[in-house]
Amino acid sequence: MSWAATPPQAVTARVPAKVNLELMVGPRRSDGFHHLATVFQAVGLHDDVTVEPAQEWGVTINGPYADLVPADGTNLAMRAARLLAREAGIDVPVHITIDKDIPVAAGMAGGSADAAATLLACDALWGVWSSKAELEEMAADLGSDVPFALLGGTAMGSGRGDQLAPVLGRGRYTWVFALSDVGLKTPDVYAECDRLRSHLRVGEPAPSSAMMTALRSGDAASLGRALSNDLQAAALSLQPTLAEVLATGMDNGALGGIVSGSGPTVAFLVSDTERSLDLAVALTASGAAPSVKRAIGPVRGAHIITAASGPRGSLGSTGHSGPVGHRSN
Ligand code: ATP
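Throughout what follows, the structure given in this document is the object of discussion. All values derive from a computational prediction rather than experimental measurement.

About the criteria used
Residues numbered from 1 in each chain as written. Predicted model: local features only at pLDDT ≥ 70, side-chain atom pairs only at ≥ 80, totals over all residues. Heavy atoms only, no water. Phe/Tyr/Trp six-rings, centres within 6.5 Å; stacked < 30°, edge-to-face > 60°. Helix = DSSP H or I, 4+ residues; strand = E, 2+ residues; numbered from the N terminus. Buried < 20%, exposed > 50% of the residue type's maximum accessible area, 1.4 Å probe, protein only. Salt bridge = Lys/Arg side-chain N within 4 Å of Asp/Glu carboxyl O. Core = buried A, V, L, I, M, F, W, Y, C linked by side-chain atoms within 4.5 Å. Contact = heavy atoms within 4.5 Å. Near = heavy atom within 4 Å. Polar contact = N/O pair within 3.5 Å; in protein donor to acceptor, adjacent residues only side chain to side chain. Areas by Shrake-Rupley, 256 points an atom, 1.4 Å probe, with all protein chains shown as cover.

## Describing the packing of aromatic side chains
For the coordinates displayed, the defined rule picks out three aromatic pairs. Ring geometry for Trp-57 against Trp-126: centres 6.5 Å apart, planes inclined by 80°, an arrangement best described as edge-to-face. One end of the pair, Trp-57, is in the loop between strand 2 (34–53) and strand 3 (58–62); the other, Trp-126, is in the loop between helix 2 (110–125) and helix 3 (132–142), and 69 residues separate them in sequence. In this structure Trp-126 comes out as buried when scored by relative accessible area, which is 13%. Ring geometry for Trp-175 against Phe-177: centres 6.2 Å apart, planes inclined by 20°, an arrangement best described as stacked. Overall, the relative accessible area of 0% leaves Phe-177 in the buried class.

## A few points about the pattern of salt bridges
Under the counting rule described, the total for this entry stands at nine salt bridges. A salt bridge links Asp-47 to Lys-100; the nearest nitrogen and oxygen atoms lie 2.5 Å apart. On the criterion of sequence distance, the pair formed by Asp-47 in strand 2 and Lys-100 in the loop between strand 4 (94–99) and helix 2 is long-range, its members being 53 residues apart. Considered together, Asp-47 and Lys-100 belong to a single accessibility category, that of buried residues. Ionic pairing is found between Asp-114 and Lys-100, a salt bridge with its closest N-O pair at 3.1 Å. Taken together, the residues span a long stretch of sequence, with Asp-114 in helix 2 and Lys-100 in the loop between strand 4 and helix 2 at a distance of 14 residues. The same class applies to Asp-114 and to Lys-100, which are both buried. By sharing partners, the salt bridges in this structure join Asp-47, Lys-100 and Asp-114 into a single network.

## Re the nonpolar core
Core analysis: the biggest nonpolar cluster contains 69 residues, and Leu-21, Ile-96, Trp-126, Trp-175, Phe-177 and Leu-223 have the highest contact counts within it. Among the elements that line this core, the one with the most residues is helix 2, at 10 residues. Not counting the four nearest positions on each side in its chain, Ile-96 is found in contact with Val-49, Thr-50, Val-51, Gly-58, Val-59, Thr-60, Ala-77, Met-78, Ala-81 and Thr-118. Counting 24 residues, the second-largest nonpolar core is a separate cluster that includes Val-189, Ala-235, Val-245 and Ala-289.

## Focus: the site of the ligand
Around the ligand lies a shell of 21 residues, among which Ala-105, Gly-107, Ala-109, Gly-111 and Thr-186 are the nearest. Taking Met-108, its main chain carries an N or O atom lying 3.0 Å from an oxygen atom of the ligand. A total of 610 Å² of accessible area belongs to the ligand in isolation, and the protein chains cover 79% of it. Among the elements that line the shell around the ligand, the one with the most residues is helix 2, at four residues.

Laid out in structure tokens, this is it:
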């Protein structure tokens, strides 16, 4: 497949944040990663990533989190663009603009999301048309959570979280996310988890039947009860105030509450929009959380929303959810 008319001058991809409904952490592997069994859900908090040809490589981050994100070659979006360029033999620098709404260092995989969106957007901009398998391979090279940001929906992850199998669950779930002013670094949380469990024999992680049953039923109350995260104790140990956030949420109508990934965001599942508004007010008014976000899950993974053809204007929304066919160069 190729662009039928003029190649686009700019491509924008939208990508969701994730919450881990279940995160089982096994032993540390020889490569430093941990064996994981996890269930991801993509939620409706999004970053939009736009790529356009430029004289030199660059990245701009817009939005309230801009100061927390590196605007240089260490940015995961930039690393993704350069990886695809290398793999496809492309020598056209791009400028990447990230309109960031996913909280940073929050356990919601915002950096991974930007990497996934950039892969997809550059792939379209350059007309590489990588296969799904090629995109997945590059995504896994970039980080454990990047493949899921491409896939979206609800999925089980094994290996280091990068080997995915979609979960055919039912239901649409309403989430309230209690954010924190201070981020937690993922490696620090895993290290704390190892420290807390150093006297235990940690077995291979396996998904729980309670989680699968809950997702199959589509019953939010069952899902709320089944939420679990092996990193929660470590996140609480590093940031003890999270215990109060969890208690406040559960006292104010949440069906379940959990530290999201490596934290410090706390995710609460509620029964409907009205409850989500009530809980958002309770969390902020009590001072338990400085700010909150609300979202629905599951939502689709990274997808292209616009491909603008330069002077003649936007080609509009393509509805294109990923390239098809094979790389042509
Ligand atoms: P995860 O749950 O995948 O471990 P996280 O959600 O806790 O990650 P991110 O928002 O991905 O954390 O950010 C982690 C760090 O990565 C940030 O502190 C930032 O320095 C760096 N980073 C690099 N590129 C990006 C990006 N595009 N967006 C956000 N952070 C980025």
